[in-house]
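The chain contents come next:
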Amino acid sequence: MRVYLDYNATTPVDSAVLEAMLPYLRDNFGNAGSVHTPGQRARAGVDAARESVAALIGAKPSEIVFTSGGTEADNLAVFGVVAASPGPRKHVITTSIEHHAVLHSCEEFTRRGIEVTVVPVSQRRGSEGVVDPEEIRRALRPETVLISVMHANNELGTVQPIEEIGRIASEAGVRFHCDAVQSAGKIPVDVRALGPDLLSISAHKFCGPKGVGALFVRSGTALEPRFYGGHAERDRRPGTENVPGIVGFGKAAELARKLLAEDSARIRELRDRLESALLERIPGAQVNGDRARRVPNTTNTTFANAGGEALLIALDLQGIACSTGAACSSGSTEPSHVLLAAGLTHDDARSSLRFSLGRATTREEVERAIEVVPEVVERIRSLSPRAPVAAQWAAVPIR
Ligand code: PLP
């Protein structure tokens, strides 16, 4: 039995999404920029998908720019806003737990002489991994042109106070970008309620295809394109549209909107069952991230004194797929920047696993994980040269 618990890395394409895409890979193969009938059929598919994606996040269809995914949406947002803002001095505010699509973009800003403030998140046990909006306010300067804060964190699942940050940004007249790649399809995302000027989403995180995403750009927001070419996406993102991908994205958005309440209640129940059983059965196991402010599908747990990479491999051999952190940093031996930012020690960060559930996760899969994970942790710990974990925990004060 294979158990897939890595939905934050990517999700299986829903069969209804695949069905919606197939005609656009076969008969309706036209270029959406062509005036003839095949082109107009493709255009109609793109237009319908734009409406569906806009509806998922409460935007107008004209505010949706299709991209090749979340990474490109994040890059278009942050580079596009900074390039479009006037003034010789520019300053950007972000947080220590952003995805590398934003953090590495900010490193590039620094290399180009643009100053960046990376605001820390709470390290207080129980509320770790959440940014304090007042810290964002304190970081503001007269030359600040952009604030970029994610909605849900991909590793901890923690949900950031986007509405408050949106209010601070708008009072200060600063553009606000929100990376909602891990929240869209899991919790309600409404751009009017949350208040960002720009917001990124990605289809493959909610049962759509890989390689397609969108940037919401509020009407009137100045944005320099990243690419130059034809006139697709109203000059904001030229290039022949990925019609089957965009159509699949539209279907995935429609399903996410329809199933959100039902999916999230069921998934939360399974996540909580998995989490509480692991805490009960594994001595010293600790959940990371503010448990009251999380997306319903994610649990990140430290199994002290059991290396995450070893756990990951041993679990995979038992048919269980999970993650030691962001998928894009797996293979690297560096501990997760998110877990370190949330206050974990290097050792604990290296001994942590993320389990993320989704629409196709079943109770049987969760029960199988509950059976296998404690055994594997015990085995890996028994191979560790350190003291038995129970003895260590007796000596360690609760952080
Ligand atoms: N932002 C966040 C928070 C993510 O979790 C991811 C993917 O893991 C991305 C951006 C990048 O999205 P994509 O894989 O579509 O490029």
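Notes on the structure follow. (Residues numbered from 1 in each chain as written. Predicted model: local features only at pLDDT ≥ 70, side-chain atom pairs only at ≥ 80, totals over all residues. Heavy atoms only, no water.)

1. As for the nonpolar core
Thinking step 1. With 58 residues, the main nonpolar core has Ile57, Phe66, Ile147, Leu199, Ile201 and Phe249 as its most contacted residues.
Thinking step 2. With 28 residues, the next largest nonpolar core counts Ile267, Cys322, Leu357 and Ile370 among its residues. (Core = buried A, V, L, I, M, F, W, Y, C linked by side-chain atoms within 4.5 Å. Buried < 20%, exposed > 50% of the residue type's maximum accessible area, 1.4 Å probe, protein only.)

2. Some details on the packing of aromatic side chains
Thinking step 1. Throughout the structure, instances matching the rule amount to 4 aromatic pairs.
Thinking step 2. An angle of 65° between the planes, with centres 5.3 Å apart, marks the rings of Tyr4 and Tyr7 as edge-to-face.
Thinking step 3. Note on Tyr7: relative accessible area 5%, which makes it buried.
Thinking step 4. Ring geometry for Phe206 and Phe249: centres 6.1 Å apart, planes at 45°, overall tilted. On the criterion of sequence distance, the pair formed by Phe206 in the loop between β7 (198-202) and β8 (213-217) and Phe249 in helix α8 (residues 243-281) is long-range, its members being 43 residues apart. With respect to class, Phe206 is no different from Phe249; both count as buried.
Thinking step 5. Put simply, the rings of Phe66, Phe206 and Phe249 pair up and form one aromatic cluster. (Phe/Tyr/Trp six-rings, centres within 6.5 Å; stacked < 30°, edge-to-face > 60°. Helix = DSSP H or I, 4+ residues; strand = E, 2+ residues; numbered from the N terminus.)

3. A closer look at helix α1 (residues 15-25)
Thinking step 1. Among all positions in α1, only Val17, Met21 and Tyr24 are buried. On an axial view of α1, the arc spanned by its buried residues comes to 45°, and they lie on one face. With respect to the buried face of α1, the exposed residues turned more than 90 degrees away are Ser15 and Glu19.
Thinking step 2. Where α1 begins, the side chain of Asp14 points an oxygen toward the backbone nitrogen of Ala16, at a separation of 3.0 Å. (Arc of directions from axis to C-beta. Polar contact = N/O pair within 3.5 Å; in protein donor to acceptor, adjacent residues only side chain to side chain.)

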